[in-house]
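Chain residues, written in single-letter form:
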Amino acid sequence: RRRRAVQILSVMKHGRMKLYHALQSQGFGTRKVCMARVRACAVAVNGVVCDDPETEVDPAGLELTLDGATWRYREKAYVLMHKPAGHECSHHPSHHPSVFALLPQPLVARGLQCVGRLDQDTTGLLLFSDDGQFIHRMISPKKGVAKVYRAVCAEAVTDAMLAALRAGVQLNDAPAPIAALACEKLDA
């Protein structure tokens, strides 16, 4: 950790950073790959092609163009997706395609993580980020961020089912049962 912190500090001066580092931080490849892309005149900075990877750029308002696509620099990434059924919330899925396959490769390469998860057959809003502190604030039980789920069931929901949810359900990978703070039947 210490080495990485020193490395990042060495490339930033007065809010500016080297072009190759800006590319690398956005998920466009390793240091070596990013430097080669700039030297090959494959990168434009705010619309102007640049061939010097050591060029200092201001991240505020920075737009990078690579392979004909414009990419706005973001220090941290926050992405919302309506997750389709049939996808797993894992970088290494076991039975179904990964939700990460639905995202642009640079976002995946920069280390985007799911904020929570939805089962493979569940659809709904899914949040991703590469901001570890934000992810922790959202998923840590100690932070008390409520999550709301709406389930459509194949069978009629009984009062016993609702009581079981309130009492706690044991998930395969959870150390203890997880109880719903509240649950209600929406349809008769």
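Everything below is about the structure shown above.
Here is what the cut-offs are and how they apply
Residues numbered from 1 in each chain as written. Predicted model: local features only at pLDDT ≥ 70, side-chain atom pairs only at ≥ 80, totals over all residues. Heavy atoms only, no water. Helix = DSSP H or I, 4+ residues; strand = E, 2+ residues; numbered from the N terminus. Rg over C-alpha atoms; globule rule 2.2 N^0.38 Å. Buried < 20%, exposed > 50% of the residue type's maximum accessible area, 1.4 Å probe, protein only. Contact = heavy atoms within 4.5 Å. Polar contact = N/O pair within 3.5 Å; in protein donor to acceptor, adjacent residues only side chain to side chain. Pairing = 2+ DSSP bridges. Axes fitted to C-alpha atoms, helices over the stretch in contact; angles between N-to-C directions. Salt bridge = Lys/Arg side-chain N within 4 Å of Asp/Glu carboxyl O. Arc of directions from axis to C-beta.

A. Layout of the overall build of the protein. Secondary structure assignment for the protein yields six helices and 10 strands. Whereas a compact globule of 188 residues would reach a radius of gyration of roughly 16 Å, the protein reaches 22 Å, over 25% beyond that. By residue count, 30% of the 188 residues in the protein fall in the buried class. Long-range contacts, defined here as pairs at least 24 residues apart, represent 47% of the contacts in the protein between residues at least 6 apart.

B. Focus on the environment of glutamate 54. Mapped onto the fold, glutamate 54 is located in the loop between β4 (48–50) and β5 (56–57). Using a relative accessible area of 35% as the deciding quantity, one classes glutamate 54 as partly exposed. For the pair formed by glutamate 54 and alanine 69, sequence separation is 15 residues and the distance between their alpha carbons is 22 Å. Among residues more than four places away in sequence, those in contact with glutamate 54 are Lys18, Tyr20 and Met35. Reaching out from glutamate 54, the side chain makes a polar contact with the side chain of lysine 18 at a distance of 3.2 Å.

C. Focus on the sheet that holds strand β6 (residues 63–66). Spatially, β4-β3-β6-β7 is the arrangement adopted by the four strands of the open sheet, whose pairing is antiparallel. Two strands lie at the open edges of the sheet, namely β4 and β7 (69–72), each paired on one side alone. Going from strand to strand, the sheet's axes swing by 35 degrees on average, the running direction of each strand aside. Two strands pair when backbone bridges link them, and β6 and β7 are joined in this way by four bridges, in the antiparallel orientation. The residue of β7 that forms the bridge with leucine 66 is alanine 69.

D. Just the pattern of salt bridges, in detail. This model, assessed by the stated rule, comprises four salt bridges. Two residues, arginine 16 and glutamate 56, come together in a salt bridge whose shortest N-O distance is 3.9 Å. Of the two residues, arginine 16 is situated in strand β2 (residues 16–18) and glutamate 56 in strand β5; the sequence distance between them amounts to 40 residues. A salt bridge links arginine 37 to aspartate 67; the shortest N-O distance between them is 2.6 Å. Highlighted residues: arginine 37 in helix α3 (residues 31–39) and aspartate 67 in the loop between β6 and β7, separated in sequence by 30 residues.

E. Examining α3 more closely. All buried positions along α3 are accounted for by Cys34, Met35 and Val38. Across the axial projection of α3, the buried residues extend over an arc of 100 degrees, all falling on one side. Every exposed residue of α3 that faces more than 90 degrees away from the buried side is listed here: Lys32 and Arg39. Its buried side turned inward, α3 meets α2 (19–25), β3 (43–45) and β4. Where α3 ends, the next residue or the one after it, cysteine 41, has phi of about 60 degrees, a positive value.

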